[in-house]
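Summary of structural features
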Amino acid sequence: MDLVEILPEQLHMLRFPIGQAYLWRDTNNSLTLIDAGHVTSTPSIEQAIRSLGHTPDQLDRIVLTHCHRDHIGAADELAGRWGAHVLAHRLEAPVIRGEQPVPDPVLLDWEIPLYEHGLTVPEAPPTRVDVEVQDGDVLPFGDGAAVVHSPGHTPGSIGIHLPRHGVLFTGDCIAGVGQVMLGVFNVDREQAQASFRRLAALAPTVACFGHGDPLAKDTASVLQAAATPEPPLP
C-alpha cells in the first residue's frame with residue numbers, strides 16, 4: 001500500500017493494488033476513513049495511521065461510498081477493533097450487511113476483462129452499518145461533510161463533499177485512471193452519467209476518486225468537461 005499526501009496534515013490517500021481509501025484529519029485529531037480497502041487491508045491502514053503520528057483509536061468513523069468488496073473489506077474489522085462508526089447510504093446498507101446480494105453491473109464489452117480482474121479482490125465479509133445516511137445529510141467532520149447521493153454505479157452510491165475545504169470524494173461514480181471519466185461497472189449507466197454531472201456541478205478544487213490519481217489542478221473545469229463530453233459529429 002502507498003500513502004500519498006494530498007493536503008498537508010489533513011488528507012491522505014491510501015492506495016491499494018486495486019482501489020484506494022482516503023484518511024481525513026480534523027483539527028481536533030479526529031480521523032475519518034472514506035472507504036476501507038479490501039478485507040486484508042486492516043494492518044496496512046493501521047500502520048498508515050501510526051506513520052502519520054496518530055493512533056487507530058482516533059478513527060471515529062468509516063464512510064463507505066458503496067458496497068463493493070474493494071471499498072468495504074476492512075471496515076468491519078477496523079470498526080470492531082477501534083470503535084469507529086460505519087456509515088453508508090440507506091439503500092446500500094442491506095447489501096453491506098450481507099442481507100441482500102451485490103447488484104450485478106451491466107458491462108460494456110471492454111469492461112469485461114477489467115471486471116474479471118476486479119473479482120480477484122477477496123470477497124468482503126458482512127459488515128455492520130451503524131448509521132444509514134441519505135442525500136443532504138451533513139456529517140460531523142471536515143467542517144460539515146455533505147452526503148451526495150450519486151446512484152448509477154450502485155443504487156446507494158454516495159459522494160462526500162467538504163465545501164469549506166473544496167474537497168469531493170466521488171466513490172466510483174468518477175474515475176481518474178489515465179483521464180477523468182465515468183466510472184466503470186455501473187448498474188445503470190445513464191443514471192451514473194447524471195450523477196457524474198451532479199458531482200461535477202459542485203465545482204471542487206480537489207477531487208478524490210475511488211480509482212486513479214486525485215485531481216487538484218483545474219479540477220472544476222476538468223470535471224465539467226468530462227461530465228459533458230462533446231456530442232458526436234453527424
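The following paragraphs examine the structure supplied in this document.

Cut-off values and rules
- Residues numbered from 1 in each chain as written.
- Predicted model: local features only at pLDDT ≥ 70, side-chain atom pairs only at ≥ 80, totals over all residues.
- Heavy atoms only, no water.
- 1 Å grid on protein atoms, 1.4 Å probe; cavity = no way out; pocket = protein on both sides within 12 Å on 5 of 7 lines; lining within 4 Å.
- Points joined across faces, edges and corners; volume = space filled by probe spheres on them.
- Helix = DSSP H or I, 4+ residues; strand = E, 2+ residues; numbered from the N terminus.
- Buried < 20%, exposed > 50% of the residue type's maximum accessible area, 1.4 Å probe, protein only.
- Arc of directions from axis to C-beta.
- Contact = heavy atoms within 4.5 Å.
- Polar contact = N/O pair within 3.5 Å; in protein donor to acceptor, adjacent residues only side chain to side chain.
- Lys, Arg positive; Asp, Glu negative; His and termini not counted.
- Salt bridge = Lys/Arg side-chain N within 4 Å of Asp/Glu carboxyl O.

1. Re empty space enclosed by the protein
Summed over all chains, the structure comprises 1 cavity of 30 Å³ or more. Roughly 40 Å³ of volume is contained in the largest cavity. Surrounding the largest cavity, Gln20, Ala21, Tyr22, Ile34, Asp35, Thr65, His71, Phe169, Gly171, Cys208, Phe209 and Gly210 form its lining. The set of elements that each furnish at least two residues to the lining of the largest cavity consists of β3 (20–25), β11 (167–171) and β14 (206–209). Of all the elements, β3 adds the most residues to the lining of the largest cavity, at 3 residues.

2. Focus: helix α1 (residues 42–51)
Along α1, the residues classified as buried are Thr42, Ile45, Glu46, Ala48 and Ile49. Along α1, the residues classed as buried sweep out an arc of 160° about the axis, all on the same side. Of the surrounding elements, those touching the buried residues of α1 are β1 (2–7), β2 (11–15), β3, β4 (31–34) and α3 (75–82). Looking one or two residues beyond α1, the residue adopting positive phi is Gly53, at roughly 90°.

3. Focus on the side chain of Thr32
Looking at the element boundaries, Thr32 is found in strand β4. Overall, the relative accessible area of 0% leaves Thr32 in the buried class. For Thr32, the side chain forms a polar contact with the side chain of Arg61, separated by 2.7 Å. Beyond its immediate chain neighbours, meaning those up to four positions away, Thr32 contacts Tyr22, Leu23, Trp24, Leu59, Arg61, Val63 and Phe141.

4. Quick look at the side chain of Arg61
Structurally, the position occupied by Arg61 is in strand β5 (residues 59–63). Buried and unpaired, Arg61 has Asp26 as its nearest opposite-charge partner, separated by 4.6 Å. A polar contact of 3.5 Å, which involves the side chain of Arg61, links it to the backbone oxygen of Pro140. What Arg61 contacts, discounting residues up to four positions off in sequence, is Ser30, Leu31, Thr32, Leu33, Ala84, His85, Leu87, Pro140 and Phe141.

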